[in-house]
Amino acid sequence: MKKYHFYSIPSTGFLALFFMITAPRVNAQTVTIPINTDSYTLLLQTDRNNILKTVYFGESWSAGAVPDRYRVGNGVSGDVPNAVYTPSGTWSLSEPAIQLTHADGNMSLELEYISHSTKDVDSNVRLTGIVLKDPVYPVEVTLYYKVYMKENLIEQWAEIKHNEQGDIKLQKYSSADLFFTESDFYLTTFHNQWANEMQPNESRLTRGTKVFDSKLGARAMLLQTPDFILSFGRPASENEGMVILGQLAWSGNFKLEFEIDTYHNLRFIAGINPYASEYSLAPDQTFTTPSLIYTISGNGTGEASRNMHDWARKYRVLDGEGERLTLLNNWEATYFDFDENKLTGLFKGARELGVDLFLLDDGWFGNKYPRNNDRAGLGDWQPNVKKLPDGVAYLVQEAKKEGVKFGIWIEPEMVNPRSELYENHIDWVIRQPERPEFYFRNQLVLDMSNPEVQDFVFGIVDGLFTENPELAFIKWDCNSVIYNAYSEYLKKNGLPQSHLYVEYVKGLYKVLERLRAKYPEVPMMLCSGGGGRADYELLQYFTEFWPSDNTDPLRRIFIQWNNSYFFPSIAVDNHVTNWGRQSIKYKVDVASMGKLGFDIRVDELSENDLLFCKEAISNYHSFKDIVWHGDLYRLVNPYENDIAALMYVNEDKSKAIVFNYLVNNLAMNTNTTNIKLNGLDAGKQYSVKEINLYPGTNSRMSAGQIYSGDSLMKIGLDPGLNQRRQSVVLELTEVDN
Ligand code: GLA
């Protein structure tokens, strides 16, 4: 029988010291696996017991193996906190990454290194798979590290399988188990509320475990997002310092655990939330965890975000490098109160503004239970014959006559109890049959683990496209959390109820997979009662997301600012609405930092407001390429200043667009501060022009002034913000030397 040697021998300080100064011993079979990005290395190495551990994280490592003397504790506690995927029930007494019960009821697991292989997917992407096995039970875990070299980004997940005599039960099945040492750690996480999404919270990690999780089922991000920024040695800053910025890409319950141990090491375990989710895994079945996606930067959050944006556009967001449609939405213009005539009247406004598409929001469906408010009709996806006697097809055609495309809102995973769907298919609804129902926005959630429900949801979208092949856009909403988690389908099929949270999400992905196989291109907006869903697993199927129902432009600056850490602006939808007291100019300028939309009555705009909007949209069409595909530089942080400033620079640094806002209405005089630009070519000359001027106003920037990139970045320029000029947009264009 093999004996394991950890730190169990000494019980006194003297012996511990003796143990630590024993000559370094690099085992002949030591296997070292570097996970390299262009600039950083995550180094994994086996110890003498063949346990794979994290032994280094930092700037590129090329020195081969790390001496076996490498210690992450004082050697007496029995802990080995740096295993790459910590098992439980054997030698590890740390928080496990994986925990299970074997088919025979035994709860111990050991994972030894078996093999690894690396292949180049292309010149930028490298995939390493590492096989770990239990020497006693036929359980195997493969850890995957997909590295996007240039973006310094790692996508990490695990696959679990076994070959036992019966099912094993997985109690915990994390995506990643990371280990860092030799630093103070500062963690920023993001907290959500309806209309107050992505509120950052940064704190220094102290001993113990900090847990960020969701148990909400659908709309999992209502209170907390799976995004994080981990900063080494100092609070996160924009242009300096080592940071890791990332997200668990999972659209259901998630759990992020950050533990500082006795020796000041940090363990970070991320994965699906094990809460009420024990998963029975049959022999020969593979459980694949979602991905933890993180990018590393030694130059602060600015570079980390640009890494993430580049990666997202190129590899993840649907059509991330493509185009988007500007739009006019009717939600705030009409709410549920509309009919065919009112809508076709609004189409004219879309044409007049010069946007690409009209988006019909909630309220167009339901007959026995018309959707005239949010208490009825959800689930009955037939056009309401009173409101829309000629159906959706007529609207598509009428919009076309005005030269605009047509899109539509759906919320296909949900149902109102007052609906025909509920009456006919109560077994499709997540609810406890013996308990009173509990509602969120008067609705319940359909059981996406049920293949019949998956067919139904697929059919809603498929039906809309079959009947209206010219339908050009879908807004896919998801307003409710899951209460009373119970699945009639799982019960009928003898499957554990504890599969529901996981199978819900997998069912949703299956539907989207089918839809994208049939309709690969049509743009879809991910919405969840505002910003309740914005993860990189769903964004494979969606072109964009709705970050918040809060469209007050002042609040929105902060919401957009925080989303910009993780998401490229091409994926973030911003609408100009009646929220907020700011001028229409301020609103349009803010919404232009992303995908621009409107949710207003165009016929109620004053002559000058309309004139301004038309010109600003035409300007937007001229610079949107830089906002969508360029590099973002966050210049002045609105949390620390009376102003906010952000800029986008195109690839060859010949054009840039700079947005400046006054964010503190009490600030009387801000124009003494120059704003230093970033990302320009120091050797180039740029002309600076103010655009989006409100009719009748003049710019305070001297026309035609030329600046060098160097001076714009070192000295900066003053956009002249003040109480009467609360928002200033500047366009920079390279001029010949
Ligand atoms: C959610 C969305 C809104 C709107 C309404 C419609 O709240 O976030 O944008 O679509 O639903 O009911």
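Rules and cut-offs
Each residue is numbered by its place in its chain's sequence as written, counting from 1. Since the coordinates come from a predicted model, pLDDT governs what is reported: local features require at least 70, and pairs of side-chain atoms require 80 or more to be given and counted, while whole-chain, interface and lining totals use all residues. Computation of side-chain values covers all heavy atoms of the structure but excludes hydrogens and water. A pair is scored as a salt bridge if a Lys or Arg side-chain nitrogen falls within 4 Å of a carboxyl oxygen belonging to Asp or Glu. Where helices and strands are cited, they refer to DSSP runs of H or I of at least four residues and of E of at least two residues respectively, numbered from the N terminus. Categorising residues by exposure relies on relative accessible area from a 1.4 Å probe, with only protein chains included: less than 20% of the type maximum marks a residue as buried, more than 50% marks it as exposed, and the intermediate range marks it as partly exposed. The rule is simple: put a 1 Å grid over the protein atoms alone, call a set of points where a 1.4 Å probe fits but cannot get out a cavity, call an open set with protein on both sides within 12 Å along at least five of seven lines a pocket, and count a residue as lining if it has an atom within 4 Å of a point. Grid points are joined across faces, edges and corners, and a volume is the space filled by probe spheres set on the points. Strands qualify as paired when DSSP identifies two bridges or more between them. Whether two residues touch is decided by their heavy atoms; if any such pair falls within 4.5 Å, the residues are in contact. Interaxial angle, 0 to 180 degrees, is taken between N-to-C directions of lines fitted to C-alpha atoms, where a helix line uses only the stretch in contact. Only buried Ala, Val, Leu, Ile, Met, Phe, Trp, Tyr and Cys residues count toward a nonpolar core, and they belong to the same one when joined by side-chain atoms within 4.5 Å. One heavy atom within 4 Å of a molecule or strand is enough for the residue carrying it to be called near that molecule or strand. Whenever two N or O atoms come within 3.5 Å, that pair is a polar contact, provided that in protein one can donate a hydrogen and the other can accept it, and provided that, for residues adjacent in sequence, both atoms are side-chain atoms. Gly counts as polar in this scheme, as do all residues outside two lists: the nonpolar Ala, Val, Leu, Ile, Met, Phe, Trp, Tyr, Cys and Pro, and the charged Asp, Glu, Lys and Arg. Between 65 and 115 degrees an angle is taken as roughly perpendicular, under 35 as roughly parallel, over 145 as roughly antiparallel, and anywhere else as oblique. Crossings are classed by handedness, with left-handed meaning an anticlockwise turn of the near helix from the far one by less than a right angle and right-handed meaning a clockwise turn. Pairing of aromatic rings covers Phe, Tyr and Trp, the last counted by its six-membered ring, and requires centre-to-centre distances within 6.5 Å; plane angles under 30 degrees mean stacked, over 60 mean edge-to-face, and any other angle means tilted. Criterion for a charge above a ring: Arg CZ or Lys NZ at most 6 Å from the ring centre, at most 35 degrees from the ring normal.

1. Some words on the pattern of salt bridges
Thinking step 1. Enumeration according to the criterion identifies 37 salt bridges in this entry.
Thinking step 2. The partner of D177 in a salt bridge is R267, with the nearest N and O atoms 3.0 Å apart. With D177 in strand β9 (residues 168-180) and R267 in strand β16 (residues 266-272), the pair connects residues that are 90 residues apart, well separated along the chain.
Thinking step 3. On the basis of relative accessibility, which here comes to 3%, the residue R267 falls in the buried class.
Thinking step 4. Between R514 and D455 there is a salt bridge, with the nearest N and O atoms lying 2.8 Å from each other. In this pair, R514 is assigned in helix α9 (residues 500-518) and D455 in helix α7 (residues 451-467), connecting sequence segments 59 residues apart.
Thinking step 5. The exposure class of R514 is partly exposed, given its relative accessible area of 36%.

2. A word on empty space enclosed by the protein
To find the voids left in a structure, one rolls a probe of water-molecule size over its atoms.
Thinking step 1. This structure, assessed with the given rule, holds 10 cavities of 30 Å³ or more.
Thinking step 2. Reported here for the second largest cavity is a volume of approximately 80 Å³.
Thinking step 3. Going through the elements one at a time, α10 (553-563) and β31 (643-649) are the ones with two or more residues in the lining of the second largest cavity.

3. Quick word on the sheet that holds strand β26 (residues 524-526)
Thinking step 1. Ordered in space as β27-β26-β25-β22-β21-β20-β29-β28, the eight strands form an open sheet in which the pairing is parallel. With partners counted over all chains shown, the strands left at the sheet margins are β27 (544-545) and β28 (573-576), one partner each.
Thinking step 2. Strands in contact with helix α5 (residues 391-401) are β21 (357-360) and β22 (405-410); relative to β22, the strand with the most contacts, it is inclined by about 145°.

4. What about the nonpolar core?
Thinking step 1. If you look at the biggest cluster of nonpolar residues, it comprises 187 residues, and the most contacted ones within it are W364, F406, W476 and F598.
Thinking step 2. Residues contacting W364, with those up to four places away along its chain left out, are F338, W381, Q382, P383, N384, L388, V392, I408, W409, I410 and L464.
Thinking step 3. Core analysis: the second largest hydrophobic core is formed by 24 residues, L635, M701, Y707 and L721 among them.

5. Points about the site of the ligand
Thinking step 1. Taken together, 13 residues sit near the ligand, with D361, D362, K475, G530 and D549 positioned nearest.
Thinking step 2. In this structure, an oxygen atom belonging to the ligand sits 2.8 Å away from a side-chain N or O atom of K475.
Thinking step 3. Taking D549, its side chain carries an N or O atom lying 2.6 Å from an oxygen atom of the ligand.
Thinking step 4. Its residues assigned to classes, the shell around the ligand comprises four nonpolar, three polar and six charged.

6. Description of the layout of surface pockets
Thinking step 1. Roughly 550 Å³ of volume is contained in the largest pocket.
Thinking step 2. If you trace the largest pocket, you find 24 residues lining it, with E238, W561, Y565, N637 and E640 closest to the centre.
Thinking step 3. At the level of secondary structure, the elements contributing two or more residues to the lining of the largest pocket comprise β10 (185-191), β11 (199-204), α10 and β30 (631-636).
Thinking step 4. Across the lining of the largest pocket, the residue classes tally to 10 nonpolar, nine polar and five charged.

7. Some points on the sheet that holds strand β3 (residues 52-59)
Thinking step 1. With antiparallel pairing, three strands are arranged side by side in an open sheet as β1-β2-β3. Single-partner strands in this sheet number two, and they are β1 (32-36) and β3. With strand direction ignored, the average angle separating the axes of adjacent strands in the sheet is 20°.
Thinking step 2. Relative to strand β2 (residues 40-46), β1 runs antiparallel, the two being bridged by five bridges. By the bridge assignment for β2, I35 is matched with L42.

8. Describing the side chain of E690
Thinking step 1. Locating E690 in the fold gives a position in strand β33 (residues 685-691).
Thinking step 2. Given a relative accessible area of 7%, E690 falls into the buried group.
Thinking step 3. For E690, the side chain forms a polar contact with the side chain of S699, separated by 2.6 Å.
Thinking step 4. Looking at E690, its side chain comes within polar contact range of the side chain of R725, at 3.1 Å.
Thinking step 5. Apart from the residues lying within four places of it in its own chain, the contact partners of E690 are S699, R700, M701, R725, V728, V729 and L730.

9. Digging into unusual backbone geometry
Backbone geometry follows two general trends: most residues other than glycine have a negative phi, and most peptide bonds adopt the trans configuration.
Thinking step 1. In this model, D319 sits at a positive phi of 55°, which is unusual for a non-glycine residue.
Thinking step 2. The residue D319 is located in the loop between α2 (300-316) and β20 (327-329) in this model.
Thinking step 3. Residue D319 is classed as partly exposed on the basis of its relative accessible area, which comes to 42%.
Thinking step 4. A positive phi angle, near 55°, is found at N692, a position not held by glycine.
Thinking step 5. By the element assignment, N692 lies in the loop between β33 and β34 (706-708).

10. Here's the deal with the packing of α10 against helix α11 (residues 584-591)
Helices that pack against each other are described as a pair by the angle of their axes relative to one another and the distance between those axes.
Thinking step 1. Put simply, α10 and α11 touch, their axes get as near as 10 Å, and they point 15° apart. As far as their axial angle goes, α11 and α10 are roughly parallel. Crossing of α10 against α11: the hand is left-handed. Contacts between α10 and α11 pair P553, L554, R556, I557 and Q560 from the former with Y586, K587 and V590 from the latter.
Thinking step 2. Here the contact of α10 with α11 is built from residues that sort into five nonpolar, one polar and two charged.

11. With respect to the packing of aromatic side chains
Each pair of aromatic rings is reported with the distance of its centres and the angle of its planes.
Thinking step 1. Within this structure, the stated rule accounts for 46 aromatic pairs.
Thinking step 2. Ring centres of W381 and W409 lie 6.2 Å apart, and the angle between their planes is 45°; this geometry places the pair in the tilted category. Taken together, the residues span a long stretch of sequence, with W381 in the loop between β21 and α5 and W409 in strand β22 at a distance of 28 residues.
Thinking step 3. Here a set of aromatic residues connected by ring pairs shows up, and it is made of Y148, F190, W311, Y315, Y536, F545, Y565, F566 and F567.
Thinking step 4. Sitting over the face of the ring of F338, K387 holds its NZ or CZ atom 4.8 Å from the ring centroid.

12. What to know about the environment of K684
Thinking step 1. Topologically, K684 is positioned in the loop between β32 (655-662) and β33.
Thinking step 2. With 241 residues separating them in the primary sequence, K684 and Q443 have C-alpha atoms 57 Å apart.
Thinking step 3. Leaving out residues up to four positions away in the same chain, K684 has contacts with D652, K653, S654, Y707, S708, G709 and E734.

13. Here we look at the pairing of β31
Thinking step 1. The buried count for β31 comes to seven of seven residues, which makes it a mostly enclosed element.
Thinking step 2. Side-chain alternation along β31 places I643, A645, M647 and V649 on one buried face and A644, L646 and Y648 on a second face that is also buried.
Thinking step 3. As judged from the five bridges shared by β30 and β31, these two strands associate in the antiparallel manner. Following the sheet pairing, D631 is matched in β31 by V649.
Thinking step 4. Between β30 and β31, which follow one another and run antiparallel, lie six residues.

14. Examining the pairing of strand β25 (residues 473-476)
Thinking step 1. Of the two faces of β25, the one holding F473 and K475 and the one holding I474 and W476 are both buried throughout.
Thinking step 2. By the bridge criterion, four bridges tie β22 to β25 in an arrangement that is parallel. Counted as the bridge partner of I408 is I474 from β25.
Thinking step 3. Both β25 and β26 contribute to a ladder of three bridges, which runs parallel. Looking at β26, one finds that W476 is bridged to L526.

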